[in-house]
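Summary of structural features
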Amino acid sequence: MGRGDLTNGQWARLEPLLPQGIKPGRPQVWTRRQLIDGIRWRTRTGAPWRDVPERYGPWDRVYDLFRRWQRDGTWARILTQLQAEADAEGLVTWDVNVDSTVCRAHQHAAGAVKRGISRRNRPAGSSSSRPTTVSDDPAAG
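The chain has the name Transposase in an unreviewed UniProt entry, where Streptomyces griseofuscus is given as its organism.

Structure, rendered in structure tokens:
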């Protein structure tokens, strides 16, 4: 067992939650435990799938199991079940935190010229009596 692999206790807890195989035929060469440990190794390290160590099985088999269970919702179902059981045992505290982080707009986002409005033109009735020239006309381009 490698560092970070499932312990026997963790595996005993997880195994009943896994979907049952329905395909008859040859026995599997790589156990589900090995493949799941490979998935956990890859997600923990962030390494490319092709770099999954051989002790977990071929990288494409590890990836195949991960994607198949991701698509059919198996991972979400396992997480929901584990959370529900931990909550029933009082092991989860559901505190709510509010994030008050400020997200600032980009410097160019402030004060942008709006379409159809020119800052150079003053509102009607202004004290300026400067005549409008062709270059001041926003429609003149």
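After that view, the rundown keeps rolling.
**Considerations on the overall build of the chain**
For the chain, the count of helices and strands is four helices and zero strands. In the chain, buried positions account for 20% of the 141 residues. Pairs at least 24 residues apart make up 48% of the contacts formed inside the chain by residues separated by at least 6 positions. Accessible surface for the chain amounts to roughly 11,800 Å². Of this, 52% is attributable to carbon and sulfur atoms.

**Remarks on the side chain of Asp37**
Topologically, Asp37 is positioned in helix α2 (residues 32-45). Residues in contact with Asp37, not counting those within four places in the same chain, are Asp5, Leu6 and Tyr56.

**Quick notes on helix α4 (residues 74-88)**
Side chains three or four residues apart in an α-helix point the same way, a direct result of the helix having 3.6 residues per turn. Helix length check: α4 (15 residues) gives 21 Å between terminal C-alpha atoms against 21 Å at 1.5 Å per residue, within 8%. Of the positions making up α4, those classed as buried are Thr74, Ile78 and Ala86. Seen from one end, α4 has its buried residues packed into an arc of 95°, which puts them on one side. Along α4, exposed side chains directed more than 90 degrees from the buried face belong to Thr80 and Ala88. Looking at the buried residues of α4, the elements they touch are α1 (8-14) and α3 (59-72). Count one or two residues on from α4 and you reach Gly90, which has phi positive near 75°.

**Examining the packing of aromatic side chains**
If you walk through the whole model with that rule in mind, you get four aromatic pairs. On the numbers, 5.2 Å between centres and 70° between planes, the contact of Trp49 with Tyr63 is edge-to-face. Taken together, the positions of Trp49 in the loop between α2 and α3 and Tyr63 in helix α3 put the pair 14 residues apart, joining distant regions of the chain. Under the relative-accessibility criterion, Trp49 is labelled buried at 13%. A connected cluster of aromatic rings, assembled from ring pairs, spans Trp49, Tyr63, Phe66, Trp69 and Trp75.

Calculation criteria
- Residues numbered from 1 in each chain as written.
- Predicted model: local features only at pLDDT ≥ 70, side-chain atom pairs only at ≥ 80, totals over all residues.
- Heavy atoms only, no water.
- Helix = DSSP H or I, 4+ residues; strand = E, 2+ residues; numbered from the N terminus.
- Buried < 20%, exposed > 50% of the residue type's maximum accessible area, 1.4 Å probe, protein only.
- Contact = heavy atoms within 4.5 Å.
- Areas by Shrake-Rupley, 256 points an atom, 1.4 Å probe, with all protein chains shown as cover.
- Expected span 1.5 Å × (residues − 1).
- Arc of directions from axis to C-beta.
- Phe/Tyr/Trp six-rings, centres within 6.5 Å; stacked < 30°, edge-to-face > 60°.

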